[in-house]
Amino acid sequence: MMLNFIKHLSNRFYFKEQTDKYYNKRVYLSPNKNIQIMNFSEIKINDNIKKSLVELNFIKTTEIQTEAIPFLLENRTDLIALAQTGTGKTAAFGIPVIHKISIKDNYTQCIILCPTRELCIQITKDLEVLSQYMSVKINSVYGGTDIKSQIKSLSKGNHIIVGTPGRVIDLIKRKKINLEKIKTVVMDEADEMLNMGFKKDIDTILQKTPNNKQTLLFSATMPKDVLKISKNYMQKPHTIEVANRNEGAKNITHSYHIVGSREKYSALRRICDYNPSIYGIVFCRTRRECKEVSSKLMRDGYNADALHGDLSQAQRDHVMDKFRQRNLEILVATDVAARGLDVNDITHIINYNLPDDNEVYVHRSGRTARANKKGNSIIIATDRNLKKIQAIEKMINKKISFSQIPTGDMICEAQLLNLINKVINSPVDNQINKYLPGITEKLADLDKETLIKHFVSVEFNRFLSFYKNSPDLKTKDKFEINKTSSKSLVRFHMNVGKKNGVGAQHILGLINDKIQKRNVFIGKIDIMKSFSFFEIEEEQKDQIIRKLNNIKWRGAQLKVEIAKDFSKEKPSKIKKKKKKSRKKSGQY
């Protein structure tokens, strides 16, 4: 029932030093010093919680739990805890919260805010398991389901509420949730809540809570908006950082493939075929792309389905149940639809397209390599993504290695070996013995080699026929981001800027989408508040004007023109006006 997040993670992390005077205290460990992992039996918590942990065979704490649990048990100070998903954050705040609940006081003592329905349900289940030998009342409230049943549950009393911000506000307005006596507020996946636009909702909820509460903020990344909330609503918080800010998990292998835009789906197929035991998520940028990719995969015989915003809650639950039970091998999803998913044993994260926000990449890749397992994060990229990949490398402090798309021969070999391993490892049922004489007679005329060929061909012909005459996807041996160009550049002005949500990556994407020519050098890009500049090879200037002008983009009618070069203009001559002498007169 409970997540594997309480299992020991052996990776070595270190805490990044906080320099902001706003923070009360920092935890700092040098890279050469291991966190002293402890047994749960050593922690002074309620014996009934220990009993639950023993039954679940959870013995050792994870690194975030080692630092957070003892601190929260002994202090009422606010806390900011930064750690990757899958490292045991739920237990890190859940165990102290349950331990401190006063059972005799039948009112809401803790509220836990999280971004999605799925995470809300998962946290509730985990807390229920931890408190199964205690009389702690826990209720979950979230959208997409009947509010009347949630109101009925709340009317029976509760000690802990786990909820999504929108539904919590709805119930506050209906006077079904009262936060006046709240002792603890927990914001889990705070960065995700802000990414989903819940900032105003969080502000509204926190304003309903008493000033003397304890606020706990748990997050995988620390964007500016999260820091802003912490400064507005937290009082000199203690900070814990497991690994550097926005850094990727240590046991994930990051790689990228370079293909043309039209070859992306073919590349995806090859990646899936080269990994026969894949259990992964393919991330797309839009619902339309998500539907197209999942439809193609299902049409081509892959055990896949889609998760996107156009699905009803019942359809979404059905897809997720299939994926959790591993009746699906590949889940094709958008970032919004996949938020809050908590599934163990995912082997591959495939970025069919990179997200606009680099921090979202950290969340994507963090869905694999949980509970000390290894995982893979793969980017299917085009030439225009190289600068973005370089920026992500810098952010996660990890190398993203270039890799060639698997060839047909490589895929056939991988599939064949997987098939043989399945045969070797398949258990033999003795009931087959009564059929052996007939089978032996049928196969009597085949020698060993011929028998093996026939046997393999039954399962293997699909791959052989597909890849037999399929050309390999051609890519260069190495890709580098051009820093200079020998060709002369033209500087363009466009009428959109920061207020339109434009970043350099958006301009790069727009140009590459419209020009559709490889190896076009794009020079310096400057983003201003309401307009932008970019440089491009002079030979492309006519195409830029023709293909970018007057198109609808980022909510504006795009106007692109060659920027004026004021540096080459001669200073204008200022004619000095002769001062007319004013004759003295009697009038002043």
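Just above sits the structure.
As the structure is a computational prediction, the values presented were derived from the model and not from experiment.

## Some thoughts on the overall build of the protein chain
Part 1 of the reasoning: Summing up its helical and strand segments, the protein chain has 20 helices and 21 strands in all.
Part 2 of the reasoning: Residues classed as buried in the protein chain amount to 51% of the 588 residues present.
Part 3 of the reasoning: Across the protein chain, contacts joining residues at least 24 apart in sequence account for 77% of those joining residues at least 6 apart.
Part 4 of the reasoning: Put simply, the protein chain shows about 31500 Å² of open surface, and 48% of that area lies on carbon and sulfur atoms.

## Considerations on the environment of Y279
Part 1 of the reasoning: Summarising the element assignment, Y279 is placed in the loop between α10 (264-274) and β10 (280-284).
Part 2 of the reasoning: In this structure the C-alpha to C-alpha distance between Y279 and I330, which are 51 residues apart in sequence, comes to 6.0 Å.
Part 3 of the reasoning: Those residues within four positions of Y279 in sequence are excluded, and the remaining contacts are F323, R324, R326, L328, E329, V343, N344, D345, I346, T347 and H348.
Part 4 of the reasoning: Within polar-contact distance, the side chain of Y279 engages the backbone oxygen of F323 at 2.5 Å.

## Considerations on a nonpolar patch on the surface
Part 1 of the reasoning: Taken together, the side chains of V428, I432, Y435, L436, I439, L443, L446 and L451 define a hydrophobic patch exposed on the protein surface, amounting to about 680 Å² of accessible area.
Part 2 of the reasoning: Within the fold, L451 resides in helix α18 (residues 448-468).

## As for the side chain of H254
Part 1 of the reasoning: One can find H254 in strand β9 (residues 252-258).
Part 2 of the reasoning: Looking at H254, the relative accessible area reads 3%, which means it is buried.
Part 3 of the reasoning: A polar side-chain atom of H254 sits 2.7 Å from a polar atom in the side chain of Y361.

## What about helix α14 (residues 358-365)?
Part 1 of the reasoning: Burial runs high along α14: 8 of the 8 residues are buried.
Part 2 of the reasoning: N358, E359, V360, Y361, V362, H363, R364 and S365 are the residues of α14 that are buried.
Part 3 of the reasoning: The opening residue of α14, the one whose side-chain oxygen lies 3.1 Å from the backbone nitrogen of E359, is D357.

## Considering the pattern of salt bridges
Part 1 of the reasoning: For the structure shown, the criterion picks out 18 salt bridges.
Part 2 of the reasoning: The partner of E292 in a salt bridge is R288, with the nearest N and O atoms 3.4 Å apart. Taken together, the positions of E292 and R288, both in helix α11 (residues 287-299) and 4 residues apart, correspond to about one turn of that helix.
Part 3 of the reasoning: What makes E292 partly exposed here is its relative accessible area of 41%.

## Observations regarding the sheet that holds strand β21 (residues 560-562)
Part 1 of the reasoning: Ordered by their spatial adjacency, 4 strands build an open sheet running β17-β18-β16-β21, and the pairing between neighbours is antiparallel. In this open sheet, the two strands that pair with only one neighbour each are β17 (522-527) and β21. Across the sheet, the mean angle from the axis of one strand to that of its neighbour is 25°, orientation sign disregarded.
Part 2 of the reasoning: Here 6 bridges tie strand β16 (residues 489-494) to strand β18 (residues 532-537), and the two strands are oriented antiparallel to one another. Bridged to L489 within β18 is E537.
Part 3 of the reasoning: Along the sheet, helix α19 (residues 504-515) contacts β16, β17 and β18; its crossing angle with β17, the most-contacted strand, is approximately 135°.

Cut-offs and rules
Residues numbered from 1 in each chain as written. Predicted model: local features only at pLDDT ≥ 70, side-chain atom pairs only at ≥ 80, totals over all residues. Heavy atoms only, no water. Helix = DSSP H or I, 4+ residues; strand = E, 2+ residues; numbered from the N terminus. Buried < 20%, exposed > 50% of the residue type's maximum accessible area, 1.4 Å probe, protein only. Contact = heavy atoms within 4.5 Å. Areas by Shrake-Rupley, 256 points an atom, 1.4 Å probe, with all protein chains shown as cover. Polar contact = N/O pair within 3.5 Å; in protein donor to acceptor, adjacent residues only side chain to side chain. Patch = residues over 30% accessible without salt bridge, like charges linked within 9 Å, V, L, I, M, F, W, Y side chains within 5 Å. Salt bridge = Lys/Arg side-chain N within 4 Å of Asp/Glu carboxyl O. Pairing = 2+ DSSP bridges. Axes fitted to C-alpha atoms, helices over the stretch in contact; angles between N-to-C directions.

That's the geometry; what it means functionally is another story.
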